[in-house]
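Inside the fold
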Protein chains: 2
Amino acid sequence: MPILRLALAQTNPRLGDFSRNVLQIVNTAVEAFGKGADLVAFGEMSLTGYPIEDLATRPDFLRETRTHLEDIATQIAASGAGSIPVIVGFPHGPLDDHHANSGSPSAIAYNSAAVLQDGRIIGIYNKHHLPNYSVFDEYRIFRAGSDALVLHVAGADVALAICEDIWREGGPVAAIAEVKPSLLLILNGSPFEREKDEVRLPLVQRRAEQVNAPAVYLNLVGGQDDLVFDGGSFVTNASGKVLARAHQFVEQTLLVDIDVKDSTTNGSQVGPGVVVVEAGAGNPQRSTRAKVTAEIAPQLDINEQIWDALVLGMRDYVEKNGFRSVILGLSGGIDSAVCAALAVDAIGPDRVFGVSMPSNYSSDHSRSDADDLAERLGIDIRTEAIAPLVDPVETQLHLDGVAAENLQARIRGIILMGLSNAEGHLVLTTGNKTEIAVGYSTIYGDSVGGFAPIRDVPKTLVWELAKWRNEHARTKGLTPPIPENSITKPPSAELRPGQVDQDTLPEYDVLDAILDAYITERVGRDVIISRGFGAEMVDRVISLVDRAEWKRRQGAIGPKISEMAFGRDRRLPVTFTRN
Amino acid sequence: MPILRLALAQTNPRLGDFSRNVLQIVNTAVEAFGKGADLVAFGEMSLTGYPIEDLATRPDFLRETRTHLEDIATQIAASGAGSIPVIVGFPHGPLDDHHANSGSPSAIAYNSAAVLQDGRIIGIYNKHHLPNYSVFDEYRIFRAGSDALVLHVAGADVALAICEDIWREGGPVAAIAEVKPSLLLILNGSPFEREKDEVRLPLVQRRAEQVNAPAVYLNLVGGQDDLVFDGGSFVTNASGKVLARAHQFVEQTLLVDIDVKDSTTNGSQVGPGVVVVEAGAGNPQRSTRAKVTAEIAPQLDINEQIWDALVLGMRDYVEKNGFRSVILGLSGGIDSAVCAALAVDAIGPDRVFGVSMPSNYSSDHSRSDADDLAERLGIDIRTEAIAPLVDPVETQLHLDGVAAENLQARIRGIILMGLSNAEGHLVLTTGNKTEIAVGYSTIYGDSVGGFAPIRDVPKTLVWELAKWRNEHARTKGLTPPIPENSITKPPSAELRPGQVDQDTLPEYDVLDAILDAYITERVGRDVIISRGFGAEMVDRVISLVDRAEWKRRQGAIGPKISEMAFGRDRRLPVTFTRN
């Protein structure tokens, strides 16, 4: 039974920043070689970053990717570490312009893993199953592969798979099982979701049993646009026992020694549908190296996972887009308080700027709670009264009622965007998922901003996270960041005297339960009513959700008259930066 | 050789408005029966409207659709017209909640055509090929069918196909050809694109030759969100000669008599992969009816097609969303002038409201040209000076430079949104494709609004359309709607003294050529430079396009922590209205 030493690099690529990603891959591989690794692996699309969207359909981008991939192989070999295989995820496309603009389908690349060795690409595995649901649009931008790939290295057979390949029955895992591999190595670009962890581990355990070999689940980490890759890479033995686990939400290279079955291929081809790639004898230190004990990082509780995901998502959006600082309105309410606390955890108090924008209808506590928050967080806060700016507009346009309420929110938006333009801050939008779902916001008012930290957090969870974060501080003997009053007072938009959210909306626990059934479960009104909610309330909530769709698209609808319109065809990743 | 009389109903369904769509289908079918039709057909997804997006994944919506489909069959039969087959496009899903929230993939429905006869559904064809490029996301929301369907009616065999089925080689058309059908009937939901017409006809001609039978291309018509279905349904004989053509951009039922080959199936099953459905002897008037001469509508020139597509897109967005009127800023420039002219053509001058919002930097001609436009169009125009509203903000926040320029645009946005809230107008955003591509706009400023009439129209085409529209008026002896000065003067945002667009941007003909290469052709910088554009300019344009992506998404990015986040999973059609 050979022992394989794996270096599993859980990295946070920057989309489009090839020079940075190449440097990190080369350095990590060379360091792992020095530590006796027989094989180094990086996550799905680790060379480019995962959500490359329409870049996958651009021959120029694919050519550039290929050049950098070859450069990695060359650099590793030049550093003397070329004798072990290094596996890197990348979009694998045609290298000429011939396929550009070829009409339908526009998918010209594979989602692939390259095996680099001795300065060359010695093998390429193309992902078979292309997810096209939830946040995934891979079937739109990629072609599907057909062959399995087995790497013969250090007397063992390492079979490759990429993410979705193991989520489908009858995928390449079935073909792999027939080869009786020594190890199943799965590269992933798997975004965080509440409770996803409880799905991944049993799935990988089942695949390990299916191929009767240890399995490696290697994930990316980091925020990219609206996705947060949570890391948490792990290794199980053939019975599903966890042998190693990386931390969530941080970059880490996991070094692990695994006892594996001897190769059955011995580097020879075994038949159609499986490509065997010869990848040498492993690390020159194999005979002399001492065994390493792999880390098994503790698992975080669910609220800590969510908090950390939101913090990482914000930090990476800010950093990858090159912002020095963020700015947000502080109303004294729970949403802005949680956003500010997240921002401080993400980038530190010196880079977070609060603005209190009281109106004539603002309560005293809205100001005092905002000040209290800023003091607890140690962030800058300034006050910009909105009445002197609202009044001239209200008077000139003769606005009242809802129009006047919205005007207040829009003047606040103008203040934040003006300060952003003048001082260079990224504006944070503090709306939560519940209010976005039902359209309880002013378009171009409280919805302005470049990043929405709690856009996917329902209101009831906002409160829960606030309590968790305060408790977390208390257990460490630190000041709870969020004022107790912001958590306990009734939520209000304060756009007219005495207004509270529940004038207009059901109680939030009821509202969130209905939204969860309607949006997440996708069940209809009759089913929801049968669970004990009032018919009138259910109909009202459903109607609000349906009618708020245009607000969620921020009004950017216009007739399409060409093949390449914006909105779908031309959809670059937001944080993509050409270097 | 039997003669088949077809009634081809090119309808404009309202998404989600089942009662209206059902009524139209029933009335059209009954009327066609009275005119001696042997078969009545409606377009792809004609029962619901085409872009149902995530509704296709909701069992409750699919059940509701089925109920209405059965109701149509019942009503037609009750009217005495049940003996001929009526073909209706619809999403065909499971009728229980069992598949709801079943994880991946969430596609549970087929994109289908039902054959209704004698009060029942006698056959269902499921589309084979699901487009997943450009505006299409069908692979995301639908399952793929596998069998062909042939309808045996009035001694002829009518084979069905749906849209993309004929765009792929080796699709069901190959299986259909083996049956030697009398007719190929293709239901489409094919959105307008510049020059698409030149692709559709040769394709259908090729398919007619391939099956050696006449072919019917039946399309939807109407605007729905950002799609405009242009109609233009047509029939060719087996050699590809056009026998009938409907008008573009209007609802119409085309009645056409076609000589067709005798049935080879005689209603019996012919083997695996093809389902033969017996659909009776045709219309009872067959023996006595006089032959009809089918209409062959003339084809429109390309500028008229584009203009009409933009007009229809706007009209249907306004009407389907229940707006009484639209409002837009009139700057005296070409973009707002074209938008106003489109609006008047779409909904008439009484429902279009212009606002002139001069600043201290506005030229005299910006006011006079706006007034001239309003007079030519016969629309209401009011003036709201922005200086009294800009100054207090500029002073309080100490804004200057770009921040002060953006402030002016944002105050204009606030005025339009305030008037919208107060008076109920839909705000039109007047940005063109070129400026949206390079981000030459103020987010939450000139980009505010619910509908963007020229979002997909490059600047050079805006001018061309303006000239075309004026010439079109002149040929009819009418007043050209767009002031000559708005067409000829140099474009300017007028946010600082003497500013013109070309201070910041390349000449528009150059810019549009580079954008077309980069965005539509998807070629890279080297190819573009090789066409004779300067390297520095090409790099700058590419950089602008890449960096403007966040503006095109209007800043609505936030970390996702649940399976069902907004933005992708929860994407209802904007104009969907539950009844």
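Numbers given to residues run from 1 along each chain, matching the order in which its sequence is written. Here the convention is simple: chains get letters from A, ligands get numbers from 1, in the order in which they are written. It should be noted that, the model being predicted, local features are given only for residues of pLDDT at least 70 and side-chain atom pairs only at 80 or more, the latter also being counted only at that level, while totals for whole chains, interfaces and linings use all residues. The basis for the side-chain values is all heavy atoms of the structure; hydrogens and waters are excluded.

In the nomenclature of an unreviewed UniProt entry, chain A is known as Glutamine-dependent NAD(+) synthetase of Aurantimicrobium photophilum. UniProt positions are given in the numbering used here, feature names are shortened, and annotations may be inferred rather than shown by experiment. Check the Function (unreviewed entry) section of the UniProt entry for chain A; it says "Catalyzes the ATP-dependent amidation of deamido-NAD to form NAD. Uses L-glutamine as a nitrogen source."

**Description of the sheet that holds strand 18 (residues 352-356) of chain A**
Residues and elements named next belong to chain A. A pair of strands is considered paired only if DSSP assigns at least 2 bridges between the two. Helix and strand assignments follow DSSP, with helices taken as H or I runs no shorter than four residues and strands as E runs no shorter than two, numbered in order from the N terminus. With parallel pairing, 4 strands are arranged side by side in an open sheet as 19-18-17-20. Two strands lie at the open edges of the sheet, namely strand 19 (380-383) and strand 20 (426-427), each paired on one side alone. Relative to strand 19, strand 18 runs parallel, the two sharing 4 bridges. Bridged to S356 within strand 19 is T383. Where helix 7 (residues 334-347) meets the sheet, it contacts strand 17 (326-329) and strand 18, and its direction lies at approximately 165° from that of strand 17. Any pair of residues with heavy atoms lying within 4.5 Å of one another is described as a contacting pair. Every axis corresponds to a line fitted to the C-alpha atoms, with the helix fit spanning only the stretch in contact, and the corresponding angles, defined between N-to-C directions, vary from 0 to 180 degrees.

**Focus: the relation of the copies chain B and chain A**
In superposing the copies, a least-squares fit is computed on C-alpha atoms, taking residues whose pLDDT is at least 70 in both. Overlay of chain B on chain A (RMSD 0.0 Å): rotation 180°, translation along the axis 0.0 Å. On this basis, the relationship between the two copies can be described by a two-fold rotation axis. Taking C-alpha positions as the reference, the residue of chain B nearest the rotation axis is B:Y444, at 2.9 Å.

**Notes on helix 10 (residues 401-423) of chain A**
Residues and elements named next belong to chain A. In this model, helix 10 (23 residues) spans 34 Å end to end at C-alpha, consistent with the 33 Å of a helix rising 1.5 Å per residue. Counting buried positions along helix 10 gives 18 out of 23 residues, so the element sits mostly inside the fold. Of the residues one or two after helix 10, G424 is the one with positive phi, at around 85°. Expected helix span is given by 1.5 Å per residue-to-residue step, counting one fewer step than there are residues. Relative accessible area decides the class of each residue, using a 1.4 Å probe on protein chains only: under 20% of the type maximum gives buried, over 50% gives exposed, and in between gives partly exposed.

**Quick word on the environment of B:R525**
By the secondary structure assignment, B:R525 is in helix 15 (residues 525-530). Once you skip the residues sitting within four places of it in the chain, B:R525 turns out to touch A:D60, B:A535, B:V538, B:D539 and B:I542.

**Some thoughts on helix 2 (residues 59-78) of chain A**
Taking 1.5 Å per residue, 20 residues should reach 28 Å; helix 2 of chain A reaches 29 Å between its end C-alpha atoms and fits that length. Of all the residues in helix 2 of chain A, the buried ones are A:P59, A:D60, A:F61, A:L62, A:T65, A:R66, A:H68, A:L69, A:I72, A:A73 and A:I76. Elements that come into contact with the buried residues of helix 2 of chain A comprise helix 1 (18-34), strand 3 (86-92), strand 4 (109-117) and strand 5 (120-126) of chain A together with helix 15 of chain B.

**Remarks on the interface of chain B and chain A**
Each partner contributes to the interface: chain B provides 109 residues, whereas chain A provides 109 residues. A simple way to read buried area is as the amount of 1.4 Å-probe accessible surface that goes missing from two parts once joined, with both sides added. Summed over both sides, the interface between chain B and chain A buries roughly 10700 Å², with carbon and sulfur atoms accounting for 56% of that surface. Basic side-chain nitrogens of Lys or Arg form a salt bridge, by our definition, when they fall within 4 Å of a carboxyl oxygen of Asp or Glu. Where chain B packs against chain A, one counts 2 salt bridges. B:D137 is paired through a salt bridge with A:R140; the nearest N and O atoms lie 3.0 Å apart. It is helix 10 (residues 401-423) of chain B that provides the largest number of residues to the side of chain B that touches chain A, a total of 12 residues. Residues are grouped as follows: Ala, Val, Leu, Ile, Met, Phe, Trp, Tyr, Cys and Pro are nonpolar; Asp, Glu, Lys and Arg are charged; every other residue, Gly included, is polar. The residue inventory of the side of chain B that touches chain A, partitioned by class, reads 56 nonpolar, 22 polar and 31 charged.

**Concerning the domain arrangement of chain A**
All names here are of chain A. The domain boundaries assigned to chain A delineate domain 1 (3-299) and domain 2 (303-504). Every contact between the two is made by 14 residues of domain 1 and, on the other side, 13 residues of domain 2. Across the domain 1/domain 2 interface, buried area totals approximately 1100 Å², and carbon plus sulfur atoms make up 60% of it. Elements that contribute at least two residues to the side of domain 1 that touches domain 2 include exactly strand 11 (221-224) and strand 12 (227-230). Per the annotation, domain bounds derive from an automatic or database assignment of domains.

**Things to note about the pairing of strand 18 of chain A**
Residues and elements named next belong to chain A. With 4 of its 5 residues buried, strand 18 lies for the most part within the structure. With respect to chirality, the unit in which strand 17 leads through helix 7 into the neighbouring parallel strand 18 is right-handed. Regarding the hand of the β-α-β motif, the stretch spanning strand 18, helix 8 (residues 364-377) and strand 19 is right-handed. Looking down the strands as they point away from you, a crossover is right-handed if its path from the first strand over the helix to the second goes clockwise.

**Focus on the environment of A:V338**
All names here are of chain A. If you trace the backbone, V338 turns up in helix 7. By relative accessible area, V338 is classed as buried at 0%. A sequence separation of 143 residues divides V338 from P481, and the C-alpha atoms of the two residues are 8.8 Å apart. Setting aside its immediate chain neighbours within four residues, V338 contacts W307, I454, V462, A466 and I482.

**Quick notes on unusual backbone geometry**
Of note, the phi angle at B:A154 is positive, near 50°, even though the residue is not glycine. Even without being a glycine, B:N266 presents a positive backbone phi close to 50°.

**A look at the UniProt feature "binding site: L-glutamine" (unreviewed entry) in chain A**
All names here are of chain A. Summarizing the sequence annotation, UniProt attributes the feature "binding site: L-glutamine" (unreviewed entry) to Y133, S190 and K196 in the numbering used throughout. Here S190 is to be found in the loop between strand 9 (183-187) and helix 5 (197-211). For S190, a relative accessible area of 1% corresponds to the buried category. Aside from chain neighbours lying at most four places away, what touches S190 is C163, K196, R200, Y217, N219, F229 and D230. Along the chain, the position of K196 falls in the loop between strand 9 and helix 5. Apart from residues no more than four positions distant in its own chain, K196 is found in contact with S190 and P191.

**Considerations on the sheet that holds strand 20 (residues 426-427) of chain B**
All names here are of chain B. Across the sheet, 4 strands lie side by side as 19-18-17-20; this open sheet has parallel pairing. Of all the strands in the sheet, the pair left with one neighbour each is strand 19 (380-383) and strand 20. By the bridge criterion, 2 bridges tie strand 17 (residues 326-329) to strand 20 in an arrangement that is parallel. Bridging across to strand 20, I327 finds its partner in V427. Those strands touched by helix 7 (residues 334-347) are strand 17 and strand 18 (352-356), and its axis lies near 165° from that of strand 17. Across the sheet, helix 10 touches strand 17, strand 18, strand 19 and strand 20, and the angle it forms with strand 17 is around 165°.

**With respect to the pattern of salt bridges**
Residue and element names in this part refer to chain A. The final tally for this structure, using the stated rule, is 54 salt bridges over all chains. Among the ionic pairs, E251 bridges to R20, the shortest N-O distance being 3.7 Å. Highlighted residues: E251 in the loop between strand 14 (242-245) and strand 15 (252-259) and R20 in helix 1, separated in sequence by 231 residues. Given the relative accessible area of 25%, R20 is considered partly exposed.

**Remarks on the packing of helix 1 (residues 18-34) of chain B against helix 2 (residues 59-78) of chain B**
Residues and elements named next belong to chain B. Running from amino to carboxyl end, helix 1 crosses helix 2 at an angle of 30°, the nearest separation of the two axes being 10 Å. Here helix 1 is positioned roughly parallel relative to helix 2, judged by the angle of their axes. Both helix 1 and helix 2 take part in a crossing whose hand is right-handed. Contact residues: F18, V22, I25, V26, A29 and V30 in helix 1; F61, E64, T65, H68, D71, I72, Q75 and I76 in helix 2. Throughout this description, any angle smaller than 35 degrees is read as roughly parallel, any larger than 145 degrees as roughly antiparallel, any in the 65 to 115 degree range as roughly perpendicular, and the remainder as oblique. Should the near helix be turned counterclockwise from the far one by less than a right angle, the crossing is left-handed, whereas a clockwise turn marks it as right-handed.

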